[in-house]
Amino acid sequence: MNRYFSSEPLKSHPRNHCVQIIDVLAVPDDEDVSIMVMPLLRPCDDPRFETIGEVMEFLRQVFEGMQFLHQCHVAHRDCMDLNIMMDPKPMFPDLYHPMSDTKNRDFTGEAKEPYTRTARPPKYYIIDFGLSLRFSPDDTNPLADPVEGGDRTVPEFQNSDEPRNPFPTDIYYLGNMIRESFLEKTMGLRFLKPLVDDMVQDDPTKRPTIDEIVERFGKILRSLHWWNLRKRLVENIEAEDAMKRFRRRWRHFFRTVGYTLTFRSPLPVPRY
């Protein structure tokens, strides 16, 4: 699957958010083992999201990438938060040591403080295609045996071994990722709740398709004023005490003034 999305013409497609293979190394004396060389990536939420606009651009790219997968008739089947990563080079131009992201490349000192997503927009990637399946375009009712990925809360997999259409399951994974990572941990994104509620419905046949999600998300995004996108993403009170909130609020204020004066987009779209 990695080779498929790392080969032309899919490789250079602007909506392809699948991690690319740089090289495949053969292991001497063991033809059943190969080593895939991939870019150095970073968890999608590290550093944390600072603004509403940064979250919306993250979701826009994730939905775009999943739409591309589904249009290629590929079900990911494990698209949880740990399998969505980002290219760190825009935010960390000098990068860091692969074994310790707090150290510089030669491990002689501390890594430099990263830029924000608004200042240096990153591209997000979908990884880990170990459970993915590709179906024939002629298969109007694709079915696959249930398989447990990192998110084990899928309603249709509870106490059932019946083959299921894996594409609505991908929708659940994404919806649950948004619910657990953003709606339950931060404030200011409640306008996404109707869409997320539809994505995590117990009945998979009632969930929207990825094309419907992209369309609905686009309408939500277009309805947001630039000032809404500039707003700080506030963590719940359990994670952000009064002192931390005070410091972050003033830091955000001065950053916002700077971004506005330098015409930084409130929706940090990377240059592909």
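Everything below is about the structure shown above.
Residues numbered from 1 in each chain as written. Predicted model: local features only at pLDDT ≥ 70, side-chain atom pairs only at ≥ 80, totals over all residues. Heavy atoms only, no water.

Chemist: So what's going on with the pattern of salt bridges? Residues and values would help.
Modeler: Counted by the stated rule, this structure contains 16 salt bridges. Lys 103 serves as the salt-bridge partner of Glu 110, at 3.1 Å between the closest nitrogen and oxygen. For Glu 110, a relative accessible area of 54% translates into the label exposed. Where Arg 207 meets Glu 156, a salt bridge forms, and the shortest distance between an N and an O atom there is 2.7 Å. Placement of the pair is Arg 207 in the loop between helix H4 (193-199) and helix H5 (210-223) and Glu 156 in the loop between strand S7 (133-134) and helix H3 (166-183), with a sequence separation of 51 residues. (Salt bridge = Lys/Arg side-chain N within 4 Å of Asp/Glu carboxyl O. Buried < 20%, exposed > 50% of the residue type's maximum accessible area, 1.4 Å probe, protein only. Helix = DSSP H or I, 4+ residues; strand = E, 2+ residues; numbered from the N terminus.)

Chemist: Residue-level account of the sheet that holds strand S6 (residues 124-126), with values.
Modeler: Taken in spatial order, the three strands of this open sheet run S3-S5-S6, and their pairing is antiparallel. Whereas interior strands pair on both sides, the edge strands pair on one side only; in this sheet they are strand S3 (42-43) and S6. Taken together, the three bridges between strand S5 (residues 84-86) and S6 define a ladder with antiparallel strand orientation. Paired with Met 85 across the bridge in S6 is Tyr 125. The strands that helix H2 (residues 52-71) touches are S5 and S6; relative to S6, the one it contacts most, it runs at about 35°. (Pairing = 2+ DSSP bridges. Contact = heavy atoms within 4.5 Å. Axes fitted to C-alpha atoms, helices over the stretch in contact; angles between N-to-C directions.)

Chemist: Quick rundown of the nonpolar core? Include the residues and the values.
Modeler: Counting residues in each nonpolar core, the largest one holds 58 residues, and the members touching the most others are Met 56, Phe 58, Phe 63, Leu 174 and Leu 192. For this core, the secondary-structure elements that each account for two or more residues are H2, S5, S6, H3, H4 and H5. Per element, the largest residue contribution to this core is ten residues, and it comes from H2. Not counting chain neighbours up to four residues away, the residues in contact with Leu 192 comprise Met 56, Leu 59, Leu 183, Phe 217 and Ile 220. (Core = buried A, V, L, I, M, F, W, Y, C linked by side-chain atoms within 4.5 Å.)

Chemist: Break down the pairing of strand S2 (residues 30-37) for me, with residues and values.
Modeler: Strand direction decides the pairing type here: strand S1 (residues 23-27) and S2, joined by five bridges, are antiparallel. Pairing of Val 27 across the sheet is with Asp 30, part of S2. Between S1 and the antiparallel strand that follows it, S2, lie two residues; Asp 29 among them carries a positive phi value of about 70°.

Chemist: Break down unusual backbone geometry for me, with residues and values.
Modeler: A cis amide bond links Glu 8 to the next residue, Pro 9, at an omega of 5°. For Pro 9, the location among the structural elements is in the loop between helix H1 (2-5) and S1. Cis geometry marks the peptide bond from Asp 46 to Pro 47; its omega dihedral reads 5°. The topology assignment puts Pro 47 in the loop between S3 and H2. Of note in this structure, Asp 128 is not a glycine but carries a positive phi near 60°. Along the chain, Asp 128 falls in the loop between S6 and S7.

Chemist: So, empty space enclosed by the protein: which residues are in play, and what are the values?
Modeler: The tally for this structure, following the rule as stated, stands at four cavities of 30 Å³ or more. Each pocket or cavity is described by its volume, and for the largest cavity that value is around 90 Å³. Every residue lining the largest cavity is listed: Glu 50, Thr 51, Glu 54, Thr 116, Thr 118, Leu 229, Arg 230, His 252, Arg 255, Thr 256, Tyr 259 and Pro 266. Within the residue set of the lining of the largest cavity, elements represented by two or more residues are helix H6 (226-230) and helix H7 (242-261). Per-class residue counts for the lining of the largest cavity are three nonpolar, five polar and four charged. Roughly 70 Å³ of volume is contained in the second largest cavity. Each residue belonging to the lining of the second largest cavity can be placed in one class, and the counts come to six nonpolar, one polar and three charged. (1 Å grid on protein atoms, 1.4 Å probe; cavity = no way out; pocket = protein on both sides within 12 Å on 5 of 7 lines; lining within 4 Å. Points joined across faces, edges and corners; volume = space filled by probe spheres on them. Nonpolar A, V, L, I, M, F, W, Y, C, P; charged D, E, K, R; others polar.)

Chemist: Quick one: what's the story with the packing of H2 against H5, residue by residue and with numbers?
Modeler: For the pair H2 and H5, interaxial distance at closest approach is 9 Å and the crossing angle is 155°. In terms of orientation, H2 lies roughly antiparallel with respect to H5. Pair H2 / H5 crosses with left-handed handedness. Seen from H2, the contacting residues are Met 56, Leu 59, Arg 60, Phe 63, Met 66, Gln 67, His 70 and Gln 71; seen from H5, they are Ile 210, Asp 211, Ile 213, Val 214, Phe 217, Ile 220 and Leu 221. For the contact of H2 with H5, the class distribution of residues is ten nonpolar, three polar and two charged. (Parallel < 35°, antiparallel > 145°, perpendicular 65-115°, else oblique. Left-handed = near helix turned anticlockwise from the far one by under 90°.)

Chemist: A description of a negative patch on the surface should follow, citing residues and the corresponding values.
Modeler: Together, Asp 29, Asp 30, Glu 31 and Asp 32 make up a negatively charged patch on the protein surface. With respect to the helices and strands, the residue Asp 32 is situated in strand S2. (Patch = residues over 30% accessible without salt bridge, like charges linked within 9 Å, V, L, I, M, F, W, Y side chains within 5 Å. Areas by Shrake-Rupley, 256 points an atom, 1.4 Å probe, with all protein chains shown as cover. Lys, Arg positive; Asp, Glu negative; His and termini not counted. Charge placed at Lys NZ, Arg CZ, Asp CG, Glu CD.)

Chemist: Tell me about the packing of aromatic side chains, residues and numbers included.
Modeler: Describing an aromatic ring pair means giving the distance of the ring centres and the angle of the ring planes. Going through the model one piece at a time under the given rule, you end up with 14 aromatic pairs. An angle of 55° between the planes, with centres 5.7 Å apart, marks the rings of Phe 135 and Phe 167 as tilted. Here Phe 135, found in the loop between S7 and H3, pairs with Phe 167, found in helix H3; they are 32 residues apart in sequence, far enough to count as distant. An identical accessibility class is assigned to Phe 135 and Phe 167; each is buried. An aromatic cluster is present here, built from Tyr 4, Phe 5, Phe 68 and Phe 129 joined pairwise through their rings. Between Lys 103 and the ring centre of Phe 107, over which it is positioned, the NZ or CZ distance is 6.0 Å. Here the guanidinium or amino end of Arg 120 rests over the ring plane of Tyr 115, the centre of that ring lying 3.9 Å away. (Phe/Tyr/Trp six-rings, centres within 6.5 Å; stacked < 30°, edge-to-face > 60°. Lys NZ or Arg CZ within 6 Å of the ring centre and 35° of its normal.)

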